[in-house]
Amino acid sequence: MGFIEDISAAAEIIRNAHAVTLISHIDADGITSEAIAAQAVARLGIPVTPVFVRQLEPLTMRHVPDDDTLKVFTDLGAGQQNLMEEAGMKADDVLILDHHINQPAPNGTIYPQVNAQLYGPEYAKCSAAGIVYMLARKLDPDNADLAELAVVGNVGDMMARETCGLTGIARWIAEDGAQTGRVRITKGINCYGLSTRPLHLCLANSDDPILPGLSGDPKAAADLLIRLGIYEKSTDQRVWESLEADEAKLLTSIIAEQMIANGESTERLFAELYFFPHETELSPLRNASEYATMLNACGRWAKPKIGEAVCFGDRGTQYREAEHMLRHHRTIIRELCEHILSAGVTDAGHLQWIHTRDTYPDTIVGIGAGMALSKLDPSKPIMVLCYVSDEPDLVKISMRTYEKVLRRGVDLQAALVAAAAEFDGAGGGHNIAAGAYIPKGCEDDFIRRVNELIAGQFAAGAPHR
Ligand code: C5P
Ligand code: C5P
Ligand code: C5P
């Protein structure tokens, strides 16, 4: 079926429900998916109960209540329909709203599903929050006030990264938000921290693209800003978002000239940016990528409900807690990234790996892997292995790679799903970012097997999906 049919069928399923349990993922896309769905369902007068899980696996399935509510799975579920079937869930009691690779239930139960992966390229770069938003919009056009949450979910799941801006249906959603004035779409520099980070630190932190003479050198960045009259002194704290249009233009054209002089492409210097003008200036809620980091900080540190409260509009006690979570998250991610770089990865031939054991929680190692990869060999996927605190028999695997490696045939989701199954584990995710759980003790064999599978993917060349 096509998208319109599937979304219409999903809207009917929701309208006919007498009560809904929302099962969602703990990252920015999962939290925004949940927040959009919860509000859209509640506005219909249907009671709704949220359940956040770090991943749908046999142990977390026990958090899904065995009652007569409609179970709506957001940002997960597509890859775990086997677990739903094993738990005896009937097709009538389930709705999946997802963007992970579909793995049908082995005994043939067809669960109703709206999945961004099923409708071609216009939808392929749309996260779960985008799908949930389209459903909310179908239920009631007034739900357009939730567009900014869908933009945060999409940006949080890196849907804008490769193309330096959202595309397809995700871009349409941003425009939908712009119509109500809640989203401001602009072009600007492709850096992180545009609303909260002093500009020299923002420039110095940039690693994609590398800014010649500025990346890694806050003093040089501050000196440039003084020279351009943007800073008065090196201790200035102005942020990108506060620049006048002519200042922004001057700064980016100077940086572009530097890149060109160095023979580098300026393709990734500019990006489309998504700001939320009604939020407080200098707060991380002012733009989509910083908002997403705040939600990740809540969810990945076991406080998804704090993130949910922020999405619902809390700017008091819960928001202050979220700020605290964000500071903590940043510190630990930075440490993790430094740890990966200083301890060093082992080159297995076709992937590079590191086992962080119990030093960092399993919920964040993937983020650290993604950030460290820009400073490692970008042509080989990275794998981080770690222990799982409350499940002593398991090892968590997180893998990340780049789009240009995908173009050479690599598919991390396929490799991890196949390898994990051979070791009685379970994997899933995306071709570019995937994860798995495997039993403790078989790590060496597992790494060897994934390395072999990735070698095969490189050898086969062109993408096979
Ligand atoms: O569940 P899952 O979709 O949550 O994974 C999200 C993670 O995968 C994020 O940390 C994001 O960095 C990464 N990701 C990515 N590119 C994609 C999709 C996800 O890097 N296209
Ligand atoms: O730079 P700093 O160490 O303060 O930032 C760490 C946090 O910021 C991480 O949570 C990371 O997810 C987020 N971040 C990001 N994208 C970047 C840089 C940082 O999401 N390019
Ligand atoms: O945990 P991490 O951020 O590395 O996850 C990367 C991607 O793999 C996410 O999309 C996550 O939902 C997925 N994943 C999965 N099954 C697992 C672990 C992760 O589908 N067992």
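Residues numbered from 1 in each chain as written. Chains lettered and ligands numbered in written order. Predicted model: local features only at pLDDT ≥ 70, side-chain atom pairs only at ≥ 80, totals over all residues. Heavy atoms only, no water.

The name an unreviewed UniProt entry assigns to the protein chain is Phosphoesterase, from the organism Methanorbis furvi.

> Explain the site of ligand 1 to me, please; I cannot follow it from the model alone.
Taken together, His25, Asp27, His99, His100, Asp157, Met158, Met159, Arg161, Arg400, His430, Ile432 and Ala433 are the residues near ligand 1. The side chain of arginine 400 places a nitrogen or oxygen atom 3.3 Å from an oxygen atom of ligand 1. Within the complex, the protein chains bury 87% of what would otherwise be the 450 Å² of accessible surface of ligand 1. Counted by class, the shell around ligand 1 contains four nonpolar, four polar and four charged residues. (Near = heavy atom within 4 Å. Polar contact = N/O pair within 3.5 Å; in protein donor to acceptor, adjacent residues only side chain to side chain. Areas by Shrake-Rupley, 256 points an atom, 1.4 Å probe, with all protein chains shown as cover. Nonpolar A, V, L, I, M, F, W, Y, C, P; charged D, E, K, R; others polar.)

> Where do I start with the nonpolar core in this structure?
Note that soluble globular proteins tend to have their nonpolar side chains buried in a common cluster. Among the nonpolar cores identified, the biggest contains 113 residues, and Met383, Ile397, Phe446 and Val450 are the most heavily contacted of them. Tallying contributions element by element places helix H13 (residues 317–343) first for this core, with nine residues. Once residues lying within four places of it in the same chain are set aside, the contact partners of methionine 383 are Leu351, Gln352, Trp353, Ile354, Ile397, Ser398, Met399, Phe446, Ile447 and Val450. (Core = buried A, V, L, I, M, F, W, Y, C linked by side-chain atoms within 4.5 Å. Buried < 20%, exposed > 50% of the residue type's maximum accessible area, 1.4 Å probe, protein only. Helix = DSSP H or I, 4+ residues; strand = E, 2+ residues; numbered from the N terminus. Contact = heavy atoms within 4.5 Å.)

> Just to check I follow, could you spell out the side chain of threonine 74 for this structure?
Relative to the helices and strands, threonine 74 resides in strand S3 (residues 70–74). A distance of 2.7 Å separates polar atoms of two side chains, one belonging to threonine 74 and the other to serine 24.

> Sorry if this is basic, but what is going on with the packing of aromatic side chains here?
When we look at a pair of aromatic rings, we describe it by the centre distance and by the angle of the planes. Evaluation of the coordinates by the stated rule reveals five aromatic pairs. Here phenylalanine 3 and tyrosine 123 contribute two aromatic rings whose centre-to-centre distance is 4.5 Å and whose plane-to-plane angle is 35 degrees, an arrangement assigned as tilted. Placement of phenylalanine 3 in helix H1 (residues 3–15) and of tyrosine 123 in helix H4 (residues 121–124) is noted, with a sequence separation of 120 residues between them. With a centroid separation of 5.6 Å and an interplanar angle of 70 degrees, the aromatic rings of tyrosine 119 and tyrosine 123 are classed as edge-to-face. By the burial criterion, tyrosine 119 is buried, and tyrosine 123 matches it. Cluster of aromatic residues (ring-pair linked, three or more members): Phe3, Tyr119 and Tyr123. The ring of tyrosine 387 carries lysine 440 above its face, with NZ or CZ at 4.1 Å from the centroid. (Phe/Tyr/Trp six-rings, centres within 6.5 Å; stacked < 30°, edge-to-face > 60°. Lys NZ or Arg CZ within 6 Å of the ring centre and 35° of its normal.)

> Which parts of the structure should I look at to understand helix H9 (residues 218–227)?
Because an α-helix completes one turn every 3.6 residues, residues spaced three or four positions apart along the sequence face the same direction. Every buried residue of H9 is listed here: Ala221, Ala222, Leu224 and Leu225. Projected down its long axis, H9 shows its buried positions confined to an angular sector of 160 degrees, all on one face. Looking at H9, the residues exposed on the side facing more than 90 degrees away from the buried face are Lys219 and Arg227. Residues of H9 that are buried make contact with helix H8 (199–204) and helix H10 (245–261). Of the residues one or two after H9, glycine 229 is the one with positive phi, at around 75 degrees. (Arc of directions from axis to C-beta.)

> Is there a simple way to think about the site of ligand 2 in this case?
Tyr192, Arg197, Thr293, His329, Arg330, Ile333, Arg334, Ile367 and Met371 make up every residue found near ligand 2. At a separation of 2.9 Å, an oxygen atom of ligand 2 approaches a polar side-chain atom of histidine 329. Here arginine 334 contributes a side-chain N or O atom positioned 2.8 Å from an oxygen atom of ligand 2. Relative to its unbound accessible area of 450 Å², ligand 2 is 77% covered by the protein chains. Every element with two or more residues in the shell around ligand 2 is listed here: H13 and helix H14 (365–373).

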